[in-house]
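Here is what each chain is made of, one letter per residue.
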Amino acid sequence: MRALIQHRFGDPAQELHVEEVETPSPGPGEVLVRTTLSPIHNHDLLTASGDYGFKPEMPARSGTEAVGVIEQLGEGVTGLSVGQRVSVGGVFGAWAEYFVVSAGGVIPVPEGLPDEAAAQLVAMPFSAIALLDFLEVTEGQWIIQNAANGAVGRMLAQLARARGVNVVGLVRRAAGVQELAEAGIDNVVATDTDGWQDDVRRITAGAPLVAGVDSVGGTASGDLLDLLAENSTLVIFGAMGSTRLDLALGDVLFKQATVKGFWGAKISPAMDPAKRQALFGELLARITSGEMTLPVEATFDLEQIADAVAASRRPGRGGKVLLRA
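Residues numbered from 1 in each chain as written. Predicted model: local features only at pLDDT ≥ 70, side-chain atom pairs only at ≥ 80, totals over all residues. Heavy atoms only, no water.

1. Regarding the pattern of salt bridges
So, step 1. Scanning the entire structure with this criterion turns up 14 salt bridges.
So, step 2. A salt bridge links E291 to R286, with the nearest nitrogen and oxygen atoms 3.3 Å apart.
So, step 3. Under the relative-accessibility criterion, R286 is labelled buried at 17%.
So, step 4. Between R324 and D301 there is a salt bridge, with its nearest N and O atoms 2.8 Å apart. A residue pair is termed long-range when its members are at least 10 positions apart, and R324 in strand β15 (residues 320-324) and D301 in strand β14 (residues 296-301) qualify at 23 residues.
So, step 5. Assessed through its relative accessible area of 37%, R324 is described here as partly exposed.
So, step 6. A network of salt bridges, in which partner residues are shared, links R163, E282, R286 and E291. (Salt bridge = Lys/Arg side-chain N within 4 Å of Asp/Glu carboxyl O. Buried < 20%, exposed > 50% of the residue type's maximum accessible area, 1.4 Å probe, protein only. Helix = DSSP H or I, 4+ residues; strand = E, 2+ residues; numbered from the N terminus.)

Below, the structure written as structure tokens:
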């Protein structure tokens, strides 16, 4: 089969290449999935460059999520069937024609859900809804997030609105405000203008910001904490701008603020199965109703990985970049 392989860490646009490798066989309790579409996530690119918490041994495959069709069942697998369409997240090696995954890790895809949405159902949407759950906010409360025009930022805003939670979104450039407005997301402020903090306060009309989500790092972390209320929580979700936090001691100390990290790879496995099932059920309901959208920017073949990586890195893209096996 064809698979994207790298032999050393580095720029994924340069290090990932299609190679012919042996098609895997499912072991007991596993299924073989034929890949239809697989998204490119930031953590996939960071893994390939050697800058993520998970570092595979070389040579390595890539890709961690996909929608596909079950090709073969391993011994002892029940409740699934050959030819069934499934979504898979948390798998390594999805950027290939086939991959093997635990039968317990696949999610049957309901009829009517397009492959383009099913391909990105697990990692980002589930991270967004799990993050919202992690914040422990209730209807009517206000939260703030930066990187609001990123994939998780858009999803978090849509899910929060569906739950009645108010969200202020921060973007780095004024054009991002219009992009999100066109997607139906309001209460967005651009941080490239003087006095943007006053714009945030006007939006909330003085209501306390009880939680913040930081996906940027550096001084942007401190900017969020500065706007948060007493006894608030700042959750670190990503590090798009810096791998360090620049926080004012006074904000942490005198506001009695809590700063904690959210890493889906740790949160999801520890989650109660009943809660996980309920959150996935809510996700499917929100997507089906149109309350949450999963747009696609472009789709590329595996051999076009360099172009796909460039498209994924492009500022202001309107959706996920997908790979077609």
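2. Some remarks on the side chain of S62
So, step 1. Within the element layout of this structure, S62 appears in the loop between α2 (42-49) and β4 (65-73).
So, step 2. In this structure S62 comes out as buried when scored by relative accessible area, which is 2%.
So, step 3. Other than its neighbours up to four places away in sequence, S62 contacts L4, Q6, L16, F92, G93, A94 and W95. (Contact = heavy atoms within 4.5 Å.)

3. Brief notes about helix α12 (residues 305-313)
So, step 1. All of the buried residues in α12 are I305, A308, V309, A311 and S312. Down the axis of α12, the buried side of the element spans an arc of 160 degrees, and every buried residue falls inside it.
So, step 2. Tucked into the core, α12 has its buried residues touching β1 (2-5), α1 (12-15), α2, β14 and β15. (Arc of directions from axis to C-beta.)

4. Here we look at the packing of helix α4 (residues 123-135) against helix α11 (residues 273-289)
So, step 1. At a minimum axis distance of 10 Å, the contact between α4 and α11 shows a crossing angle of 115 degrees. The hand of the α4/α11 crossing is right-handed. In this structure, α4 contributes P125, F126, I129, A130 and D133 to the contact, and α11 contributes K275, R276, L279, F280, E282 and L283.
So, step 2. In terms of residue class, the contact of α4 with α11 is built from seven nonpolar, no polar and four charged. (Axes fitted to C-alpha atoms, helices over the stretch in contact; angles between N-to-C directions. Left-handed = near helix turned anticlockwise from the far one by under 90°. Nonpolar A, V, L, I, M, F, W, Y, C, P; charged D, E, K, R; others polar.)

5. Examining the packing of aromatic side chains
So, step 1. Applying the stated criterion to the full structure yields five aromatic pairs.
So, step 2. Put simply, the rings of F134, F237 and F262 touch in pairs and so form one group of aromatic residues.
So, step 3. The aromatic ring of F134 is capped on one face by K260, whose charged end is 4.7 Å from the ring centroid. (Phe/Tyr/Trp six-rings, centres within 6.5 Å; stacked < 30°, edge-to-face > 60°. Lys NZ or Arg CZ within 6 Å of the ring centre and 35° of its normal.)

6. Concerning the environment of G90
So, step 1. Within the secondary structure layout, G90 lies in the loop between β5 (85-89) and β6 (98-102).
So, step 2. What makes G90 exposed here is its relative accessible area of 81%.
So, step 3. Here the alpha-carbon distance between G90 and T64, two residues 26 residues apart in the chain, equals 5.4 Å.

7. Notes on the environment of L247
So, step 1. Along the chain, L247 falls in the loop between β12 (233-236) and α9 (249-254).
So, step 2. On a C-alpha basis, the gap between L247 and E75 in space is 53 Å, while along the polypeptide they are 172 residues apart.
So, step 3. In this structure L247 touches S221, G222, L225, L234, V252 and V259, once residues within four positions along its chain are discounted.

8. Some details on a nonpolar patch on the surface
So, step 1. A surface patch of nonpolar side chains, about 380 Å² in accessible area, is lined by L249, L253 and F254.
So, step 2. Mapped onto the elements of the fold, L253 is located in helix α9.
So, step 3. Its relative accessible area of 45% is what places L253 among the partly exposed residues. (Patch = residues over 30% accessible without salt bridge, like charges linked within 9 Å, V, L, I, M, F, W, Y side chains within 5 Å. Areas by Shrake-Rupley, 256 points an atom, 1.4 Å probe, with all protein chains shown as cover.)

9. Description of the pairing of β12
So, step 1. Where burial is concerned, the two faces of β12 agree: the one with T233 and V235 and the one with L234 and I236 are both buried.
So, step 2. Relative to β12, strand β11 (residues 209-214) is paired through four bridges, and the arrangement is parallel. Paired with D214 across the strands is I236, a residue of β12.
So, step 3. At this point the chain moves from β11, through helix α8 (residues 219-227), to the parallel β12, and the crossover so formed is right-handed.
So, step 4. Sheet topology note: the β12/strand β13 (residues 258-261) ladder contains four bridges and is parallel. Along β13, the bridge assignment pairs V235 with K260. (Pairing = 2+ DSSP bridges. Right-handed = clockwise from strand over helix to strand, strands pointing away.)

10. What to know about α11
So, step 1. With 17 residues, α11 should reach 24 Å at 1.5 Å per residue; the first-to-last C-alpha distance of 24 Å fits that figure.
So, step 2. Three or more residues of α11 are buried, namely L279, F280, E282, L283, R286 and I287. Viewed along the axis of α11, the buried residues span an arc of 160 degrees, placing them on a single side of the element. Set apart from the buried face of α11 by more than 90 degrees, the exposed residues are P273, A274, Q277 and T288. (Expected span 1.5 Å × (residues − 1).)

11. Examining the pairing of strand β3 (residues 30-39)
So, step 1. Of all ten residues in β3, seven are buried, a share of seventy percent or more.
So, step 2. Across five bridges, β3 lies against β6 in antiparallel orientation. Of the residues in β6, the one forming a bridge with V33 is F99.
So, step 3. Two strands pair when backbone bridges link them, and β3 and β4 are joined in this way by six bridges, in the antiparallel orientation. Across the sheet, residue R34 finds its bridge partner in β4, namely V69.
So, step 4. Here β3 pairs with β15 via three bridges, running antiparallel. In the strand pairing of β15, S38 is matched with L323.

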